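Structure assessment
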Amino acid sequence: MLKRLHQPGGLIGIALLAGVLALLWPMLQRGYPITHSTHFNLNWAFQYQRQFFGGQFYPRWLEYSNFGYGNPTFAFYPPLCMVATLPFRALGLDMLGSLVASMGLAMAVLGLGLYLLLRQVLPWALALVLALLSMAGPYWLVDIYQRGAIGEVWAIAVSPWVFWASLQTICRLQALWPVAALALSYGLLALSHLPTLLVLTLIWLPLPWVVGGRDPFWPRVGRCYLGFGLGLGWTAFYLLPAFWDQRHVQVDFVNFADEYTPHHRLMVSGLMQLQPRWTEHWFESNLVGYWVWMAAVLGGVGILVFLEWLARRSGRSFSCQESGAAESLARATLLYSLGASLVALLMMTDLLAWLYEWVLPLRRIQFSWRWMAVTAVTVPWLVGSLAGWGWGHKRWRLPLLVGLGLAMAVQTWQGLQLVSKAGFDPPLVQTFQELAAAKQFPNEPQERPGIAFLHMHWRFPDGLALVDALEYRPRQATLPMPPPQVDPLLQWQGEVEDPAARLQAEEWRYGYRRFRALNPTGQEQAVVLRTFYYPAWRVQIDGRFRAAEYNEPGLLQVRIPPGEHRVEVRYLGTAADWLGWILTGVAGVLLVELRRLLRLLGLRTTEEATPC
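Residues numbered from 1 in each chain as written. Predicted model: local features only at pLDDT ≥ 70, side-chain atom pairs only at ≥ 80, totals over all residues. Heavy atoms only, no water.

Next up on the list: empty space enclosed by the protein. Under the counting rule described, the total for this entry stands at two cavities of 30 Å³ or more. Taken as a whole, the largest cavity encloses approximately 70 Å³ of empty space. Phe 67, Tyr 69, Glu 444, Pro 445, Arg 448, Pro 483, Gln 485, Val 486, Asp 487 and Arg 530 together form the lining of the largest cavity. Of the residues in the lining of the largest cavity, the class split is five nonpolar, one polar and four charged. In this model, the second largest cavity occupies a volume close to 40 Å³. (1 Å grid on protein atoms, 1.4 Å probe; cavity = no way out; pocket = protein on both sides within 12 Å on 5 of 7 lines; lining within 4 Å. Points joined across faces, edges and corners; volume = space filled by probe spheres on them. Nonpolar A, V, L, I, M, F, W, Y, C, P; charged D, E, K, R; others polar.)

Laid out in structure tokens, this is it:
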């Protein structure tokens, strides 16, 4: 078997490390780049790290956002991209260094995942070379160096592990670990990037049927879908509130203009009228060459598959007549990756663009070229499967190597060309880091006026104020940014004329506020906190829970009864948060009892494991 050939682990590790260092070199030299999302990445990394090391295990609410009024950003945005920076921060790197290091880690995860995936159908040396070349894929590098879409970066890095674990689950019917590995990898995908989770899931669902074969059918397919379900289950602590609680935020701003809807951001239009037109948008026009390259690869592979089919019908075949397990697997993955890549490619054209108008979740992906997150993995897998499919026939080895080598060389050249266009401004990002490090919670700049800084933030004489993504801002929040005035931490709503009225903040930390309020009047009076209202905030007055409210600009307010009272306000989560944690616990128990679960569902088999 091809996959049984000896593979030197040390050499593979050194080669992957060299590939990571080569691709990361611009950042190692010049620091974190200026991308479309640098203002978000720096803001979120600073706050997530500050709040995590300040005692919050999972900071869904970012306290410094929106001039200190806060934002439930990570109640909706997947946290893996920020979690990945924490080990490097703990090791002593600064915030910028931890972001750069996390991108290096993502490159290593992608490279190793691609190698393992390609190793199922190729000798180790070919799998390694193809994995290294695929790490220089144009869309992957655009995500890192131009878009700064670090959530999608991590989703792409995890994707080959999902496919690899799926193949192991199909091939190793007696083993438990492949199902657990599939659950783990799919869960990490869910914690990386929601648009990629959606499009990859649509592509992944047919995989067990295409690759699993017919005998035994149910164990192979059922085990895959079980791993998929457990992956979504253990990440329910994030997924459930991310979907259920969207009614509490201004999520419609995801598609606030036609430019942010996928059917208006196609790579190719006019195919329905046989008058193809390439996109002229300033961003995706840089990816037209990559789309053409993928179309050419798919076209070439499609022609070879068709010729092979014709040859088989006439009693002849291009491939080895006595194909083994590896060659059979290569043929199955070839057909699957060809179909998956073709669907992804067509979703960037007007041939399938009508689906975006009919299916709201698909519209949420914003841009049709997000399907390149799928092809960044499936096209290299297709190339590797083609090589593995024809490898058993010695006459075809050299033409395959030359043709596929030239194709991957073109792709690598395209990727490196896009990296060369990356922008850097070390003084700017260093200034942000220094200003952010100087912030002391809950203090916010008091002096005016200020100037816009790094696209959406504000710099004042006495410090930096941060602004966050509008689509994650609480629905009731209408306060403009920057606010018209500097609000105190606490203030009475309206005029309370009695001079005996008193407010005293006793403690104000991440996710918790405690204050005393003296209401000398004979009726309830509202106290407004410098915090946006969100249903996850819970109020206790003298130990008794009381409903939180919001005022006209969307600030959290508490009605204080007559007399002196102690008030505590905690971020305890929404009902969806708590239900999500319960489902995560249930999924965790099922993973621990996986052996019994497989037996109960009839997914255990005595069949020998298929080499895979």
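Our next topic: the nonpolar core. Trp 140, Trp 371 and Met 372 are the most contacted members of the largest nonpolar core, which has 189 residues in total. It is helix α8 (residues 150-171) that contributes the most residues to this core, 13 residues altogether. When near neighbours in sequence (up to four residues on either side) are disregarded, Trp 371 contacts Val 199, Leu 202, Ile 203, Ala 344, Met 347, Met 348, Tyr 356, Leu 362 and Ile 365. With eight residues, the next largest nonpolar core counts Ala 183, Leu 226, Leu 597 and Leu 603 among its residues. (Core = buried A, V, L, I, M, F, W, Y, C linked by side-chain atoms within 4.5 Å. Buried < 20%, exposed > 50% of the residue type's maximum accessible area, 1.4 Å probe, protein only. Helix = DSSP H or I, 4+ residues; strand = E, 2+ residues; numbered from the N terminus. Contact = heavy atoms within 4.5 Å.)

Right, let's get into helix α12 (residues 217-234). Between its terminal C-alpha atoms α12 stretches 26 Å, which fits the 26 Å expected from 18 residues at 1.5 Å a residue. Of all the 18 residues making up α12, 13 are buried; the element is thus mostly covered by neighbouring parts of the structure. (Expected span 1.5 Å × (residues − 1).)

A separate point is the sheet that holds strand β5 (residues 463-465). Taken in spatial order, the three strands make up an open sheet running β3-β4-β5, and their pairing is antiparallel. A strand with exactly one partner marks an edge of an open sheet, and here the two such strands are β3 (451-453) and β5. Ignoring strand direction, the axes of neighbouring strands in this sheet form an average angle of 35 degrees. Where β3 and strand β4 (residues 457-460) come together, three bridges link them in antiparallel fashion. Note that in β4 the partner of Phe 453 across the bridge is His 457. Packing against the sheet, helix α20 (residues 426-437) makes contact with β3, β4 and β5, and its axis sits at approximately 110 degrees to β3. (Pairing = 2+ DSSP bridges. Axes fitted to C-alpha atoms, helices over the stretch in contact; angles between N-to-C directions.)

What follows covers the environment of Phe 228. Note on placement: Phe 228 falls in helix α12. Phe 228 sits in the buried class, given a relative accessible area of 16%. Sequence spacing of Phe 228 and Leu 205 is 23 residues, and the spatial spacing of their C-alpha atoms is 9.2 Å. For Phe 228, the contacting residues outside a window of four places in its chain are Leu 182, Tyr 186, Thr 201, Trp 204 and Leu 205.

Attention shifts here to the packing of aromatic side chains. Taken as a whole, this structure holds 42 aromatic pairs when the rule is applied. For the ring pair Phe 67 and Phe 460, a centre distance of 5.9 Å and an interplane angle of 70 degrees mean the geometry is edge-to-face. Highlighted residues: Phe 67 in the loop between α2 (38-53) and α3 (80-83) and Phe 460 in strand β4, separated in sequence by 393 residues. Aromatic side chains Trp 278 and Trp 291 sit 5.6 Å apart centroid to centroid with 70 degrees between the ring planes, which places their arrangement in the edge-to-face category. Of this pair, Trp 278 sits in strand β2 (residues 277-278) while Trp 291 sits in helix α14 (residues 288-313), and the two are 13 residues apart along the sequence. For Trp 278, a relative accessible area of 44% corresponds to the partly exposed category. On the accessibility criterion, Trp 291 (10% relative accessible area) is buried. These aromatic residues form a ring-pair network of at least three members: Phe 40, Trp 44, Tyr 48, Phe 74, Phe 76, Tyr 77 and Tyr 472. Over the ring of Phe 460 we find Arg 448; its NZ or CZ atom is 4.1 Å from the centre of that ring. (Phe/Tyr/Trp six-rings, centres within 6.5 Å; stacked < 30°, edge-to-face > 60°. Lys NZ or Arg CZ within 6 Å of the ring centre and 35° of its normal.)

Attention now goes to the sheet that holds strand β6 (residues 490-492). Strand pairing in a sheet relies on backbone hydrogen bonds, with the paired strands running either antiparallel or parallel. In space, the four strands of this open sheet follow the order β6-β9-β13-β12, with antiparallel pairing throughout. In this open sheet, the two edge strands, each paired with only one partner strand, are β6 and β12 (549-550).

What follows deals with the confidence of the model for the chain. Residues at a pLDDT of 70 or more form 95% of the chain, whose mean pLDDT is 93. In the model, residues 1-5 has pLDDT below 50 throughout and makes 18 contacts with residues more than four positions away in sequence or in other chains. (pLDDT = per-residue confidence, 0-100.)

Considering all chains together, one arrives at 19 salt bridges under this definition. Two residues, Glu 63 and Arg 513, come together in a salt bridge whose shortest N-O distance is 2.7 Å. Placement of the pair is Glu 63 in the loop between α2 and α3 and Arg 513 in strand β8 (residues 512-519), with a sequence separation of 450 residues. One salt bridge connects Arg 546 with Glu 524, and the closest N-O pair in it is separated by 2.1 Å. Of the two residues, Arg 546 is situated in strand β11 (residues 544-546) and Glu 524 in the loop between β8 and β9 (525-532); the sequence distance between them amounts to 22 residues. (Salt bridge = Lys/Arg side-chain N within 4 Å of Asp/Glu carboxyl O.)

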